[in-house]
Amino acid sequence: DKGYDSDAFRQYLRQRGIRACIPRRRGHCRRGRLPDLTPYRLRWVIERMISWLGHFRRLVVRYERSVHMYWAFLVLAFIVICVERILK
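Conventions used here
Residues numbered from 1 in each chain as written. Predicted model: local features only at pLDDT ≥ 70, side-chain atom pairs only at ≥ 80, totals over all residues. Heavy atoms only, no water. Helix = DSSP H or I, 4+ residues; strand = E, 2+ residues; numbered from the N terminus. Buried < 20%, exposed > 50% of the residue type's maximum accessible area, 1.4 Å probe, protein only. Contact = heavy atoms within 4.5 Å. Areas by Shrake-Rupley, 256 points an atom, 1.4 Å probe, with all protein chains shown as cover. Core = buried A, V, L, I, M, F, W, Y, C linked by side-chain atoms within 4.5 Å. pLDDT = per-residue confidence, 0-100. Expected span 1.5 Å × (residues − 1). Arc of directions from axis to C-beta. Polar contact = N/O pair within 3.5 Å; in protein donor to acceptor, adjacent residues only side chain to side chain.

Engineer: Explanation requested: the overall build of the protein in the structure shown.
Structural biologist: Counting secondary structure elements, the protein contains four helices and zero strands. For the protein, the residues scored as buried account for 14% of the 88 residues in total. Once local pairs closer than 6 in sequence are excluded, the contacts in the protein between residues at least 24 apart make up 20%. Roughly 8,000 Å² of accessible area belongs to the protein as shown, and the carbon and sulfur atoms make up 59% of that amount.

As C-alpha cells, this is what we get:
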C-alpha cells in the first residue's frame, strides 16, 4: 500500500471520486493531526473475509473454467462461513 503513497496519486483518486485508504509513509504524516482510521474499519472487514475465503482451496486455485461454477462455489463458501459463524 505504501508504494501508492504520493500526493499525485491521491489527487488522481480524489478527482475520480475515490477516497484513498492508503497509509502515509513514515515521516510524511501531517503534524498535529491524528490519522482518520474510519476507512480502515471497512477495509479490515473486507480483508478478513478474503482471508476466510482463502481456506477454500477450490476458490484460491480456481479449478473451475466456467464463471458460473466458480460463482456457485463462492456462494457456497459464503454460506458455509455464515453457518459456522452462527453456530459458534
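Engineer: Please explain the nonpolar core as it appears in this structure.
Structural biologist: Most often, soluble globular proteins have nonpolar side chains that are buried together. Membership of the largest hydrophobic core is limited to five residues, which are Leu53, Leu59, Leu74, Ala77 and Ile81. The biggest single contributor to this core is helix α4 (residues 67–87), with three residues.

Engineer: How do you make sense of the environment of Tyr40 when you look at a structure like this?
Structural biologist: Here Tyr40 shows up in helix α2 (residues 38–53). Residues Tyr40 and Ile22 lie 18 residues apart in sequence; the distance between their C-alpha atoms is 9.1 Å.

Engineer: Before we go on, may I ask you to explain the confidence of the model for the protein in this structure?
Structural biologist: Low pLDDT marks stretches whose predicted atomic positions should not be read closely. Confidence along the protein averages 79 in pLDDT terms, with 75% of residues attaining 70 or more. When pLDDT is averaged over each element of the protein, α4 comes out on top at 91 and α2 at the bottom at 78.

Engineer: What's the story with α4 in this structure? I'm lost.
Structural biologist: Here α4 is 21 residues long and its end C-alpha atoms lie 30 Å apart, about the 30 Å a rise of 1.5 Å per residue gives. Taken together, the buried positions of α4 are Leu74, Ala77 and Ile81. Across the axial projection of α4, the buried residues extend over an arc of 60°, all falling on one side. Turned more than 90 degrees off the buried face of α4, the exposed positions are His68, Ile86 and Leu87. N-cap assignment for α4: the residue whose side-chain oxygen lies 3.3 Å from the backbone N of His68 is Ser66.

Engineer: Could you clarify how one ought to interpret the environment of Tyr63 in this entry?
Structural biologist: In this structure, Tyr63 sits in the loop between α3 (57–61) and α4. Beyond its immediate stretch of four places on either side in the chain, Tyr63 contacts Arg57 and Arg58.

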